[in-house]
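Observations on chain architecture
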Amino acid sequence: MWPVNLLIEEDFLTDEDNKELLKTILPEIDKFNGVPEIFNRDIKIPNLFLENKPIIQKFKIMVKNRLYQMLHAEGFIDPDSLEIQVNAFPRRFTKGMRARPHTHRGIDYTGVYYLDLEVTDKGQNSCDNDDGRLLFIDPIAQRSRGLNHNMLIQLIPKPRLLIMHPSYVFHESEMYKGNKDRILIVINAKVKDRQQADSFITI
Amino acid sequence: MNLENPNIVLQRHWPVNIIIEDVNITDEDNQELIRIGIEHSKEFKHVPDILDPNRKGYNLLDVEHPVIDKFKAYIKSRVRMMMHAEGFIDPEKYEIEALVVARQHEHGDRSKTHNHRGCDYVGVYYADLDVVNEPGDNFKQPKGRFIFTDPITQRSRALNHTQNVDIVVRPKFMIMHPAYLYHFSEPYLGQKTRYFFTIVVRIAEPIQHPFYKKI
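Residues numbered from 1 in each chain as written. Chains lettered and ligands numbered in written order. Predicted model: local features only at pLDDT ≥ 70, side-chain atom pairs only at ≥ 80, totals over all residues. Heavy atoms only, no water.

Some points on the interface of chain B and chain A
- Between chain B and chain A, the contact holds 41 residues from the first and 42 residues from the second.
- Both sides of the chain B and chain A interface together cover about 3800 Å² of buried area, and 51% of this is carbon and sulfur.
- When the buried surface of chain B facing chain A is broken down by residue, Lys112, Arg117 and Lys140 of chain B rank first, second and third, together holding 23% of it.
- For the pair chain B and chain A, the interface holds eight salt bridges.
- Residues Glu174 of chain A and Lys112 of chain B are paired through a salt bridge, measuring 2.9 Å at the closest nitrogen-oxygen approach.
- Looking at the side of chain B that touches chain A element by element, the count peaks at three residues for strand β3 (residues 111–114) of chain B.
- Residues belonging to the side of chain B that touches chain A are distributed by class as follows: 13 nonpolar, 16 polar and 12 charged. (Contact = heavy atoms within 4.5 Å. Buried area = accessible area lost by both parts, 1.4 Å probe. Salt bridge = Lys/Arg side-chain N within 4 Å of Asp/Glu carboxyl O. Helix = DSSP H or I, 4+ residues; strand = E, 2+ residues; numbered from the N terminus. Nonpolar A, V, L, I, M, F, W, Y, C, P; charged D, E, K, R; others polar.)

Digging into a nonpolar patch on the surface
- Taken together, the side chains of Val35, Ile38, Phe39, Ile43 and Ile45 of chain A make up a nonpolar region of the molecular surface, amounting to roughly 380 Å² of accessible area.
- Its location among the elements puts Val35 of chain A in the loop between α1 (15–25) and α2 (54–74). (Patch = residues over 30% accessible without salt bridge, like charges linked within 9 Å, V, L, I, M, F, W, Y side chains within 5 Å. Areas by Shrake-Rupley, 256 points an atom, 1.4 Å probe, with all protein chains shown as cover.)

Concerning the pattern of salt bridges
- Tallied over the full model, the rule gives 38 salt bridges over all chains.
- In this structure, the salt-bridge partner of Asp11 of chain A is Arg160 of chain A, at a minimum N-O distance of 3.2 Å. One end of the pair, Asp11 of chain A, is in the loop between β1 (7–9) and α1; the other, Arg160 of chain A, is in the loop between β6 (152–155) and β7 (161–166), with 149 residues separating them in the sequence.
- Judged by its relative accessible area of 47%, Asp11 of chain A is partly exposed.
- Between Arg80 of chain B and Glu92 of chain B there is a salt bridge whose closest N-O contact spans 3.2 Å. One end of the pair, Arg80 of chain B, is in helix α2 (residues 66–86); the other, Glu92 of chain B, is in the loop between α2 and β2 (95–105), with 12 residues separating them in the sequence.
- Residues joined in a network through salt bridges with shared partners are Asp121, Asp130, Asp131, Arg133 and Glu174 of chain A together with Arg110 and Lys112 of chain B. (Buried < 20%, exposed > 50% of the residue type's maximum accessible area, 1.4 Å probe, protein only.)

What about the packing of helix α1 (residues 27–41) of chain B against α2 of chain B?
Residue and element names in this part refer to chain B.
- Contact pair α1 / α2: the axes reach a minimum separation of 9 Å and the direction vectors enclose 105°. One finds that α1 runs roughly perpendicular with respect to α2. On α2, the residues touching Asp29, Glu32, Leu33 and Ile36 of α1 are Val67, Ile68, Lys70 and Phe71.
- Split into classes, the residues belonging to the contact of α1 with α2 amount to five nonpolar, no polar and three charged. (Axes fitted to C-alpha atoms, helices over the stretch in contact; angles between N-to-C directions. Parallel < 35°, antiparallel > 145°, perpendicular 65-115°, else oblique.)

Some words on the packing of α1 of chain A against α2 of chain A
All names here are of chain A.
- Contact geometry for α1 and α2: axes closest at 9 Å, N-to-C directions at 120°. Considering their axes alone, α1 and α2 lie oblique with respect to each other. By crossing handedness, the relation of α1 to α2 is classed as left-handed. Where α1 abuts α2, its residues Asp17, Glu20, Leu21 and Thr24 lie against Ile55, Ile56, Lys58 and Phe59.
- Broken down by class, the residue content of the contact of α1 with α2 amounts to four nonpolar, one polar and three charged. (Left-handed = near helix turned anticlockwise from the far one by under 90°.)

And the structure:
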């Protein structure tokens, strides 16, 4: 019961499309820059999917497809009839940068697509070092100590990799150790429920 | 919180209690503790089961030494303090089981996110280290801090600023917290070896604990 579904897809875009998307995004990537509210209350992060460029719209359609696959895996009732709202924005990680453990509150699913980076990870088990990995943290804190090896699911980011997961799962990026910038796109998705979503009012 | 309406009661349940203390230990005892830790831990690896299923554990509290006796009494007193804060019914009736291991971090070493399953409370005593407290936030760049992660994933997005709790560690400093709480150490930025002691605690309740048997 209640498994945590992670959708992991290598070669999500063709090499050609990936280069095109990267070329489209890079010149304006800084306008999507954001920091938590505690540092700056005034930042607004635009939605990449509002850019009417063919490669971005192609990427959006593919993301939409994978989101619906996720809804099927999760067990939604008639998932194809549900509306999904998405906000996507690119991010740049330079050498030494990381993301602390966090969830994506207030939404349902989160994805990350890695466009470009240098893979430095040797893929070996490690304990005391940062390897630049994406770590998922078991949402159930209390299990047997003999299951410690499953406490973290460790994924090695590489170009053209898409990862999608429920937003409630704590995750973090270890310090990035590559020399070239790591460029990725964050995807936040809300599933509009049938009964209440359109009934909310501002009070 | 000041509630003007006396008919309103704000109940605050299930807090996460964390003890943070600059420990009153002499330099001599602290150095002796480090020496004992180095001496008794050198033949043991500190890696998870997945890296070495055959590794052996040990308990520094087994060492007969006046400094270890003092450390043991100190741990016991802080666990009792924690139990009172947590709301145990008659905390004194419970036995406390503890295990201590000595650890060392060199420049760049860290601990990945983890909790301590199978036990109740965890402490870490930092005996010696270079204090690194660079200015600015550590949102994107680690600053060598000890960080707790909120055990409750689902809160308002506008409370994101409390999703992690940072602590800047220093010599002769102790942190104690419930074992279920996820935490990690950012890569250590100091130059000298960071000597610390991990304290793992089980509360032996008197009703079932004595009757467990191997099956």
